[in-house]
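Topology and contacts: notes
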Amino acid sequence: PLALGLYTVNAVYGDTITMPCRLEVPDGLMFGKWKYEMPNGSPVFIAFRSSTKKNVQYDDVPDYKDRLSLSENYTLSIKNARISDEKRFVCMLVTEDDVSEEPTIVKVFKQPSQPEILHQADFLETEKLQMLGECVARDSYPEGNVTWYKNGRVLQPVEEVVVINLQKIVDKSTGLFTMTSSLQYMPTKEDANAKFSCIVTYYGPSGQKTIQSEPVVFDVHYPTEKVSIQVQPQSSTIKEGDNITLKCSGNGNPPPQEFLFYIPGEAEGIRSSDTYVMTDVRRNATGEYKCSLTDKSMMDSTTITVHYLDLQLTPSGEVTKQIGEALPVSCTISSSRNATVFWIKDNTRMQTSPSFSSLQYQDAGNYICETTLQEVEGLKKRKTLKLIVEGKPQIKMTKKTNTNKMSKTIVCHVEGFPKPAVQWTVTGSGSIINKAKETKYVNGRFSSKIVIAPEENVTLTCIAENQLERTVTSLNVSAISIPEYDEPEDRNDDNSEKVNDQAKLIVGIVVGLLLAALVAGVVYWLYVKKSKTASKHVDKDLGNIEENKKLEENNHKSET
């Protein structure tokens, strides 16, 4: 490198400066010397090397004590380069006849430390010009320059908005520079997350370079411009018994810590922190809720609906009625929205609502009226009706001769609730028959059956008794040896009645057909008989006519 046409050596601060003697060694060289020039131009000799004796001598110059080294080819090295080493050095080669000189310029460079942003503001306020911080880069040579950046873009000075002041201080003992750049800044709300940094630009042996500071984010304070109220949980799912939390917030920084809450039914706002809690709310809590800053300057509102569901079942609980009685049942719903209602009987969902104009035993059971609001999770109500249908015992007895013709089955069909107890007795002896078999008790009905093989005619008595009444019915049963018409056994309830009706219908049809055939036979027999009599009379009349004709013919002949 050349500086003003001279050879230049660029060195790094603290490193070794190496300066070759750029002269050709002449014949007859006696010695070589190095000197540097003072600012006033006077020389200061610092090193000497004889070509004949091969010895090296260093002059007593305090700045270069123990720092110099002169090689055989007259290259001068200076250890631990300093800023004060920036001089004009000259290599001299001396013969008997001539002195040759070649100057070298030394330039020393020192990279500054990484810049730091010091004396940072605790926070920034909008619409206020204040000191943001100072960017400091130390120990630079030559001096550098400092530039401020926001979000990677250069901050240009703007009056009363961006004010930058750069100071450069040199350390007299080292000759190194410290650059300090202060930044005054008026932030806006958008600077809340802005990254501020600074970059120092300096020169090194190879040219211009930069070093960047770590970015800094400042807490920007700005006033609240809007207030918002929120409801937890979401207002569409609140039901009676829930807890409601109202949360009020402002968009300022720092956010407001206190608010006024306006509750339906309260004339004045309630001062509170940013939350207001209501527990176990009722339906009368439905309404408009508001919150504002404590100075009432800003306000927001929301509407809360507390959903409810009421169910009234009439009658409910345990109800006892008599068979055949009417029982009106109503399930009335009152709710904040349309509710779904359904009935369950004995764990089975019913298709229609129950209605009892004439109670039967099968109507007894556990009824549940249940309703839900599908939009509101967990809002469900139900009430129960335990219906008991009571009835006095009713008895019907039937008998049937078994297929083996050796025994008869006698059945006592019983209705009633509570379930009647059944006893059998034989009239005359009055003894209790304990070998009866009972069918399952279903819908207030069951049967008690015994099998007997009577050797003589007997009368069996069936006794059914519950808490309401005692009912007795008897049936005469002939001995096995005496033929009798057996009554079909009622298997159960409606089916047996249908079977009996069908049997009666069939018997009626058969008897009708037999009667019709009998009448037709009689009519036919009378018709045949009458036809034969008429035939005889006709033959007789025809004979008389023939005789009369013959007599007339004979009379005519006589007259002729």
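Residues numbered from 1 in each chain as written. Predicted model: local features only at pLDDT ≥ 70, side-chain atom pairs only at ≥ 80, totals over all residues. Heavy atoms only, no water.

This brings us to the confidence of the model for the chain. Residues shown with low pLDDT carry predicted positions that ought not to be read at fine detail. Here the chain averages 86 in pLDDT, while 86% of its residues score no lower than 70. Contacts of residues 489-504 to residues separated by more than four positions or lying in other chains number 17 contacts, the stretch itself having pLDDT below 50. Throughout residues 531-560 the model reports pLDDT below 50, and contacts reaching past four residues in sequence, or to other chains, amount to 0 contacts. (pLDDT = per-residue confidence, 0-100. Contact = heavy atoms within 4.5 Å.)

A separate point is the layout of surface pockets. Taken as a whole, the second largest pocket spans an internal volume of roughly 160 Å³. For the second largest pocket, the full set of lining residues is Lys345, Asp346, Tyr361, Gln362, Ala364, Leu387, Ile388, Val389, Phe417, Tyr441, Asn443 and Gly444. By residue number, the principal contributor to the lining of the second largest pocket is strand E35 (residues 380-401), which donates 3 residues. Among the residues forming the lining of the second largest pocket, the class breakdown is 7 nonpolar, 3 polar and 2 charged. A domain split of the lining of the second largest pocket shows at least three residues from each of domain 4 (309-389) and domain 5 (392-477). (1 Å grid on protein atoms, 1.4 Å probe; cavity = no way out; pocket = protein on both sides within 12 Å on 5 of 7 lines; lining within 4 Å. Points joined across faces, edges and corners; volume = space filled by probe spheres on them. Helix = DSSP H or I, 4+ residues; strand = E, 2+ residues; numbered from the N terminus. Nonpolar A, V, L, I, M, F, W, Y, C, P; charged D, E, K, R; others polar. Domains from an automatic or database assignment.)

Attention now moves to the packing of aromatic side chains. A full pass over the atoms with the stated rule returns 10 aromatic pairs. Ring geometry for Phe196 versus Phe218: centroids 5.8 Å apart, planes at 75°, classification edge-to-face. You can see Phe196 sitting in strand E18 (residues 195-204) and its partner Phe218 sitting in the loop between strand E20 (216-217) and strand E21 (220-221), a full 22 residues away along the chain. Exposure class is identical for Phe196 and Phe218. Each is buried. Among the aromatic residues, those joined into a ring-pair cluster are Tyr36, Tyr64 and Phe89. Directly above the aromatic system of Tyr308 lies the positively charged group of Arg283, at a separation of 3.9 Å from the ring centroid. The positively charged end of Lys419 is found above the aromatic ring belonging to Phe446, 4.9 Å away from the centroid. (Phe/Tyr/Trp six-rings, centres within 6.5 Å; stacked < 30°, edge-to-face > 60°. Buried < 20%, exposed > 50% of the residue type's maximum accessible area, 1.4 Å probe, protein only. Lys NZ or Arg CZ within 6 Å of the ring centre and 35° of its normal.)

Turning next to the state of the cysteines. This structure, assessed with the given rule, holds 5 disulfides. Paired through a disulfide, Cys135 and Cys198 show a sulfur-sulfur distance of 1.9 Å. One quick way to see it: the torsion about the S-S bond of Cys135 and Cys198 is about 75°, and its sign makes the bridge right-handed. Note that Cys135 is positioned in strand E13 (residues 130-140) and Cys198 in strand E18, a separation of 63 residues in sequence. Of the two residues examined, Cys135 and Cys198, each falls in the buried class. Through a disulfide, Cys331 is tied to Cys369; the S-S separation comes to 1.9 Å. One quick way to see it: the torsion about the S-S bond of Cys331 and Cys369 is about -90°, and its sign makes the bridge left-handed. Of the two residues, Cys331 sits in strand E31 (residues 330-335) while Cys369 sits in strand E34 (residues 365-372), which places them 38 residues apart along the sequence. (Disulfide = S-S within 2.5 Å.)

The next thing to look at is the pairing of strand E40 (residues 445-452). Inspection of the sheet shows strand E36 (residues 408-417) paired to E40 by 8 bridges, in the antiparallel sense. When the sheet's bridge partners are listed, Thr409 is paired in E40 with Val451. In this antiparallel pair of consecutive strands, strand E39 (residues 437-438) and E40, the connection spans 6 residues, and Asn443 shows a positive phi of 50°. (Pairing = 2+ DSSP bridges.)

This paragraph deals with the sheet that holds strand E27 (residues 287-293). On the basis of which strands lie adjacent, the open sheet formed by 4 strands has the order E25-E24-E27-E28 and antiparallel pairing. In this open sheet, the two strands that pair with only one neighbour each are strand E25 (270-272) and strand E28 (299-304). Strand-to-strand, the axes of this sheet are offset by a mean angle of 25°, without reference to chain direction. (Axes fitted to C-alpha atoms, helices over the stretch in contact; angles between N-to-C directions.)

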